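Coordinate analysis (summary)
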Amino acid sequence: RIGDPFPVDDSAVVASDSLSAVLHLCLNRAGIIGVAVTAVMSGTGAVSAPAAALSRKLRPVGEAELRATERALLAALHTLLQGNRHLAVMRSRHEARLAAAAAAATAAAAAAA
């Protein structure tokens, strides 16, 4: 029923005065309270997280911080270029080995014939 403080059908449980009935009612109410608290916390996080993220991004940036970030970016690019060069060298060596193996197989087949 709308308007009840805890919408739990406990009419059958209230009729019996056993311990399990009391536990049943307590667990029902604890579950409802837990869901309500979780909803409030989730709503608070949904509202405060974007505000916190925007406030961090909209702060003024100093010249020293800008230079440090540029240095870090250049170092990352340098590392990336070194990795690409190494990959190209390894790829060319692998292709040379494959070509040599194919030539040796062709020569062995020609010698056997």
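Along each chain, residue indices are assigned from 1 in the same order as the chain's sequence is written. Two thresholds apply to this predicted model, a pLDDT of at least 70 for residue-level local features and 80 or more for giving and counting side-chain atom pairs, whereas whole-chain, interface and lining totals are computed over all residues. Think of the side-chain values as coming from all heavy atoms in the structure, minus any hydrogens and water.

This part takes up the overall build of the protein chain. When you go through the protein chain residue by residue, the secondary structure sums to 3 helices and 0 strands. In this scheme, a residue with accessible area under 20% of its type's maximum is buried, one over 50% is exposed, and one in between is partly exposed, where area comes from a 1.4 Å probe on protein chains only. Burial status across the protein chain gives 4% buried among its 113 residues. Calculation of accessible area relied on Shrake-Rupley with a 1.4 Å probe; when residues are assessed, cover is drawn exclusively from the protein chains displayed. For the protein chain, the accessible area works out to roughly 9,400 Å², and carbon and sulfur atoms hold 69% of it. Here a helix means four or more residues in a row that DSSP labels H or I, a strand means two or more in a row labelled E, and each is numbered from the N terminus.

To continue, consider the confidence of the model for the protein chain. A residue's pLDDT is simply how confident the predictor is in it, with values from 0 to 100. Averaged over every residue, the pLDDT of the protein chain is 86; residues scoring 70 or more account for 85%. Mean pLDDT per element in the protein chain: helix H1 (residues 11-15) is the minimum at 60, and helix H3 (residues 63-112) is the maximum at 95.

Moving on, we get to a nonpolar patch on the surface. Like-charged residues are merged into a patch within 9 Å and nonpolar side chains (Val, Leu, Ile, Met, Phe, Trp, Tyr) within 5 Å, provided each residue has over 30% relative accessible area and no salt bridge. Any Lys or Arg side-chain nitrogen found within 4 Å of a carboxyl oxygen on Asp or Glu counts as a salt bridge. Together, Leu 73, Leu 74, Leu 77 and Leu 80 line one region of the surface with nonpolar side chains, adding up to about 400 Å² of accessible area. Mapped onto the secondary structure, Leu 73 falls in helix H3.

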